[in-house]
Amino acid sequence: MKALEDKIHKEGKVLPGNILKVDCFLNHCIDVPFLMEMGKEIAELYKEDNVNKILTIETSGIPIAFAAAQYMNVPVVFAKKNKSGNISDDVYSSRVTSYTKKNVYDAIVSKEFLSSDDNVLIIDDFLAKGNALTGLMDIISQSGATLIGCAIAIEKGFQGGGDELRAKGIRVDSLAIVEEMTEDVFSLSFRR
């Protein structure tokens, strides 16, 4: 998505540790009209795939999933990173290592929201090593649902997570794939 690449160039920042900071429009302050365009693009990519549910992980994946769901007319389920008092013990759970936060947590989804009748599209804001996607795919597998694919806003292609998933036959569609980042000159190159 050329518009996303342009927005990353214009508004993004590269931080130490290969962190791409796009919080000015994607995951802290949300540019709603632009996010809706991203959602429309994802919906177009999956319009023929009979998706009946979107799965994401809190918190930054929720806005993009919501935008796509608006165009696809399907519900969004999001995996929680912490079990709260309003969730029963009847959950699907998977251990996930966060690349950005450098911690491990249990992603959980209540069993009432995923079943073997579901055709699920995973949506997330970033893809680096693929840890969050792997955890969500594990939850889908536990539920007996069918994974349709993974739609990502920004993939850091140089970290290999997307390529590893694609090599396993998993459909991964990223709206922008960053191939190289340097913080000293703020240089970005994108895969075409």
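This is a predicted model, so every value here is computed, not measured. (Residues numbered from 1 in each chain as written. Predicted model: local features only at pLDDT ≥ 70, side-chain atom pairs only at ≥ 80, totals over all residues. Heavy atoms only, no water.)

**Student:** Give a detailed account of the side chain of Lys53, specifying residues and quantitative values.
**Tutor:** Relative to the assigned elements, Lys53 resides in strand S3 (residues 53-57). Since its relative accessible area comes to 14%, Lys53 is described here as buried. A distance of 2.9 Å separates a polar atom in the side chain of Lys53 from the backbone oxygen of Phe113. A polar contact of 3.3 Å, which involves the side chain of Lys53, links it to the side chain of Asp118. Residue contacts for Lys53: discarding those within four places in its chain leaves Val74, Pro75, Val77, Phe113, Leu114, Asp118, Asn119, Val120 and Leu121. (Helix = DSSP H or I, 4+ residues; strand = E, 2+ residues; numbered from the N terminus. Buried < 20%, exposed > 50% of the residue type's maximum accessible area, 1.4 Å probe, protein only. Polar contact = N/O pair within 3.5 Å; in protein donor to acceptor, adjacent residues only side chain to side chain. Contact = heavy atoms within 4.5 Å.)

**Student:** Describe the pairing of strand S9 (residues 172-182), with residues and values.
**Tutor:** Burial within S9 is extensive, with eight of its 11 residues counted as buried. Two strands pair when backbone bridges link them, and strand S8 (residues 146-156) and S9 are joined in this way by six bridges, in the parallel orientation. Note on S9: the bridge partner recorded for Lys156 is Val178. (Pairing = 2+ DSSP bridges.)

**Student:** Mind laying out the nonpolar core, listing which residues take part and the relevant values?
**Tutor:** The biggest cluster of nonpolar side chains holds 32 residues, and the ones touching the most others in it are Leu26 and Ile154. Broken down by secondary-structure element, the contributors of at least two residues to this core are helix H1 (2-11), helix H2 (23-27), helix H3 (32-45), helix H4 (61-72), strand S7 (119-127), S8 and S9. Contacts of Ile154, omitting those with residues within four sequence positions, involve Leu4, Ile8, Leu20, Val22, Leu26, Asp125, Phe126, Leu127, Ala176 and Val178. With 25 residues, the next largest nonpolar core counts Leu127, Leu133, Ile139 and Val172 among its residues. (Core = buried A, V, L, I, M, F, W, Y, C linked by side-chain atoms within 4.5 Å.)

**Student:** I'd like to hear about unusual backbone geometry, residue by residue, with values.
**Tutor:** Here the residue pair Glu58 and Thr59 is connected by a cis peptide bond, since its omega of 0 degrees sits within 30 degrees of zero. Its location among the elements puts Thr59 in the loop between S3 and H4. The phi dihedral of Asn73 is positive, around 60 degrees, even though this residue is not glycine. Among the structural elements, Asn73 can be located in the loop between H4 and strand S4 (76-79).

**Student:** Account for the packing of aromatic side chains, with residues named and values stated.
**Tutor:** Considering all chains together, one arrives at one aromatic pair under this definition. Ring geometry for Phe25 and Phe34: centres 6.0 Å apart, planes at 90 degrees, overall edge-to-face. For Phe34, a relative accessible area of 14% gives the class buried. Lys7 extends its terminal NZ or CZ atom over the ring of Phe34, reaching a point 5.1 Å from the ring centre. One residue, Lys81, lies across the ring of Tyr105, its end atom 5.2 Å from the ring centre. (Phe/Tyr/Trp six-rings, centres within 6.5 Å; stacked < 30°, edge-to-face > 60°. Lys NZ or Arg CZ within 6 Å of the ring centre and 35° of its normal.)

**Student:** Break down H4 for me, citing the residues and quoting the values.
**Tutor:** In a regular helix each residue adds 1.5 Å, so 12 residues correspond to 16 Å; H4 covers 16 Å between its end C-alpha atoms and thus fits that length. Every buried residue of H4 is accounted for by Gly61, Pro63, Ile64, Ala65, Ala67, Ala68, Ala69 and Met72. Its buried side turned inward, H4 meets H2, H3, S3, S4, S7 and S8. A positive backbone phi angle near 60 degrees is found at Asn73, which sits one or two residues after H4. (Expected span 1.5 Å × (residues − 1).)

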